[in-house]
Structures are given as C-alpha cells and as structure tokens.
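Listed below, chain by chain, are the residues.
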Amino acid sequence: MFDNFKKLIGIRQKIILGIDVGSASIKAVEISRKNQNFILENYGELDCSLVKKPSIGEADKNIISFTNKQLAEIIKAILRESEMRSKEVVFSIPDFSSFFTTIKLPIMSQEEIPEVIKYEVKPYIPLPVSEITLDWLITEGEISKTSLKILVVAIPNEIIDQYKEIAFLAGLDLKILEPEVFSLSRAVVIGEDREKTVGLVDIGARSATINVLEKGMLKMSHSFNVAGNEIADAIARSLNIEYNEARGLKEKQGLTIGTGKNAEAEKAMIPLVNFILEEVKNTFRDFYEDEGKKPQKIILAGGTVLMPGLKDYFSSEFEQEIAIANPFLGLSYPTALGSALKQTAPSYGVAIGLAIKGLE
Ligand SMILES: Nc1ncnc2c1ncn2[C@@H]1O[C@H](COP(=O)(O)OP(=O)(O)OP(=O)(O)O)[C@@H](O)[C@H]1O
Ligand SMILES: [Mg+2]
C-alpha cells in the first residue's frame, strides 16, 4: 500500500549512484527515478592527475595507477563534495580491461548458450575460462528460429574482485558491474537515434572504443589504447615540454590553426588523430562487409572529443552527420545547470548509463 501511495503522489521511487572509474578522472552521478522520468540529483568528478600516484609496484594491476584504497578515497571525496548520499552503486568495467568478440552459433535453446559460448570464445581470450566472467548479447537472429550472432564480453575475475573491493572500501553497496560500452550506448544513443544505425566513438584518456549500433542494439565494438594521453605525450615529446603543458595545448588549442608552439603541437597531434580516424573507418568497413550497411550518424563521446577543431576534423572525413554526445539530454535537471552540463557532457555518458541501468 505504501508503494502505491508513493506512486500516486509521485515521490521518487529509487535513487542510485553511477560511477565511472576512468583513467583521467572518476565521474559520479546520482540519479533518481520518478515513474518514467530520470532525474539528475547530483554529479561530480575528480581529476586523477591531482592525486599523488603511489610508488611503482604499489598500485593494483590493471585499474589505472592507483591502489584500491586510493580509488575508494577519491570516490568518497567526490561523494562528499557533491553531497551524494546514496549508498547503492553501479560501476563500469573499462573497455581496456575487457575482451570483446563476436561469434556465430547455430540454433539452440537459451539454456545451452552460456556453455557453448564458454567453449567458443576460448581461442580469442588470453586467459583460462575459469579466470573470466562472460557477459553476452544476441545481436542477430532469434533463439530457436535462425542462427545467432552473439557479442561476447569477457572480464577477468581479478578485475571484478578489484571493483568489489573498491566499493567495499568506499562504504558502498555494489549492485551491478557493467562493461562501459553498454552503459555509454544506453546514455548517449537516445531519442530518434535509437531508430538509426549509429557509429559511437568514445575517445577517453587511455583508450578509444568504436561501436556500431543498430536500432539501439550494440552490433560491433572495437577498442584500442590510443587516446588523449597519447596525444598529449606526442606533443610533449615533439616540443620537448612537460606533460601538463602539452595537455594544456591539446585542450585549449587543439586542432585549430595556430602559429609557433601551437602549430608545432598541432603537427604532433595529427598523426594520432588520423590513426583514430582510420580505426573508425576500418570498423565501419568491417560492419559494411558483415551487414551491408553504413552508420547514418556518428556520435562522439569521451573527454578528448572536446578538443577544439576535432568535430570539424571528423566532419571533413565523413559524409555522415557528426554529433557530440550529450547524455544529460535523457535526464531532467534544473535549467540553470544547462550550459555547465553541456561543457562536460561527452565524458559523463558512462556514469549516467550506469545509474540508469541501476534504476531500470
Ligand atoms: N577540451 C579538451 N580538449 C582536448 N582533450 C580534452 C579536453 N577536455 C578533456 N580532454 C581530455 O579527455 C581525456 C579524458 O576523457 P575521459 O574523461 O573521457 O577519459 P577517462 O574516461 O578518464 O579515460 P579512459 O576512458 O580512457 O579510461 C583526457 O585525456 C583529457 O586531456
Ligand atoms: Mg572513459
């Protein structure tokens, strides 16, 4: 009866945290749900470069260069600063800690699929099946009607245990762990884009991931470790300057035509941006060979796409419409926040998608 009462007067039904432990910054959002409406209650992030790194050997393997304890402290600090009080959390698993593969299976029942997948993915994954957890998605075909195409994500158990420990140390109740590609798609491929074939390009700090979605369903995913960090590194090496100065040049000037130091920086960035572009084109080509279709639109996500001039650079290389991701569009929030949110929007996709998952 109490639940019905809540529904009638529209009190929020549930509230949850979505936390993206990225390699450049940790982003947290607190989202509540009122009927079909998702409401942004709070958001905050902490730039990891502001936190002192542990000495070599001390950091836990695979998750960026901090110990679990430090990551938990960073999360606690974000939650404190942004006044988030929820204890339930959904975390993402970074693309660079996951293995993706697509497999084709003959007709079979739902119950048979997990066992068969375990066997089929063996050759593609450099770890024993006993050390991984599998998540999968049917991307084509219907169970017991046609053959199936399945996108499989394998996550090392060691990584899962690390995230469990981080949640525990931060005093949070970990509800779900999800590969970040699923969360990102949920948050940024919305509205009429869910009817289209969309190329979703996430360029973060350590890794970039290129996805193709059809009618909101993930069909293809390809990830590699060239992204914002490497672009700043190239500038630092080429101009023989400190990393932070290089990062500043990248973020403020980017690919807009400059002179002197700026022109040098741009010259250093171009080969890496071109590398990413080529990977996008190759992924689209693979998709075309498989499915005979081209993405109708390209959505750019991740902090690196904020680089001045990057969107125009993409526009000059692709015939499709190019948009910068805005995951806040799927949420309700005070209008006064609008312009501030737009500035950071492309890097919040994963965190927002995680919270929505927890509320679904
Ligand atoms: N205005 C800007 N111009 C260019 N790059 C930017 C800008 N703002 C942020 N970045 C870059 O975006 C990157 C951070 O993006 P994001 O927050 O998506 O990464 P992350 O999720 O922490 O990393 P990863 O997903 O690789 O683990 C950094 O390399 C940062 O320098
Ligand atoms: Mg990221």
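Residues numbered from 1 in each chain as written. Chains lettered and ligands numbered in written order. Predicted model: local features only at pLDDT ≥ 70, side-chain atom pairs only at ≥ 80, totals over all residues. Heavy atoms only, no water.

**Regarding the site of ligand 1**
Right, so step 1: Neighbouring ligand 1 are 20 residues, the closest being Ser23, Ala24, Lys27, Arg206 and Glu251.
Right, so step 2: Within the side chain of Lys250, an N or O atom sits 2.7 Å from an oxygen atom of ligand 1.
Right, so step 3: Glu251 is positioned with one of its side-chain polar atoms (N or O) 2.5 Å from an oxygen atom of ligand 1.
Right, so step 4: In isolation ligand 1 has 660 Å² of accessible area, and contact with the protein removes 90% of it.
Right, so step 5: Listing elements by their share of the shell around ligand 1, those giving two or more residues are strand S2 (25-34) and helix H7 (243-252).
Right, so step 6: Here the element with the most residues in the shell around ligand 1 is H7; it accounts for 3 residues.
Right, so step 7: Residue classes in the shell around ligand 1 are distributed as 5 nonpolar, 10 polar and 5 charged. (Near = heavy atom within 4 Å. Polar contact = N/O pair within 3.5 Å; in protein donor to acceptor, adjacent residues only side chain to side chain. Areas by Shrake-Rupley, 256 points an atom, 1.4 Å probe, with all protein chains shown as cover. Helix = DSSP H or I, 4+ residues; strand = E, 2+ residues; numbered from the N terminus. Nonpolar A, V, L, I, M, F, W, Y, C, P; charged D, E, K, R; others polar.)

**A few points about the sheet that holds strand S5 (residues 99-105)**
Working definition: the strands of a sheet are paired by backbone hydrogen bonds and lie parallel or antiparallel to each other.
Right, so step 1: A sheet is described by the order of its strands in space; here 3 strands give the open sequence S5-S7-S6, paired in antiparallel fashion. Here the strands that pair on one side only, and so sit at the sheet edges, are S5 and strand S6 (132-140). Taking each pair of neighbouring strands and ignoring which way they run, the sheet shows an average axis angle of 25°.
Right, so step 2: For S5 and strand S7 (residues 148-156), the ladder comprises 7 bridges, and the chain directions are antiparallel. When the bridges of S7 are listed, Thr102 appears paired with Leu151. (Pairing = 2+ DSSP bridges. Axes fitted to C-alpha atoms, helices over the stretch in contact; angles between N-to-C directions.)

**Observations regarding the packing of aromatic side chains**
Centre distance and the angle of the planes are the two values used to describe a pair of aromatic rings.
Right, so step 1: Summed over the entire model, instances satisfying the criterion amount to 8 aromatic pairs.
Right, so step 2: Geometrically, the ring pair formed by Tyr43 and Tyr348 is edge-to-face, given 5.6 Å between the ring centres and 80° between the ring planes. One end of the pair, Tyr43, is in strand S3 (residues 37-47); the other, Tyr348, is in the loop between helix H10 (338-344) and helix H11 (349-359), with 305 residues separating them in the sequence.
Right, so step 3: Of the residues examined, Tyr43 reaches a relative accessible area of 25% and is grouped as partly exposed.
Right, so step 4: Classification of Tyr348 by relative accessible area gives buried; the value is 1%. (Phe/Tyr/Trp six-rings, centres within 6.5 Å; stacked < 30°, edge-to-face > 60°. Buried < 20%, exposed > 50% of the residue type's maximum accessible area, 1.4 Å probe, protein only.)

**A word on the pairing of strand S10 (residues 208-214)**
Right, so step 1: The buried fraction of S10 is high, at 7 of 7 residues.
Right, so step 2: Alternating positions in S10 separate into two faces, Ala208, Ile210, Val212 and Glu214 on one and Thr209, Asn211 and Leu213 on the other, with burial throughout.
Right, so step 3: Pairing between strand S9 (residues 197-203) and S10: 7 bridges, direction antiparallel. Across the sheet, Gly199 pairs through a bridge with Val212, a residue of S10.
Right, so step 4: Hairpin connection from S9 to S10: 4 residues lie between these consecutive antiparallel strands.
Right, so step 5: Looking at chain direction, S10 and strand S11 (residues 217-224) are connected through 7 bridges and run antiparallel. Its bridge partner being in S11, Val212 is matched across the sheet by Met220.
Right, so step 6: Linking S10 to S11, which pair antiparallel, is a turn of 2 residues; within it Lys215 sits at a positive phi near 45°.

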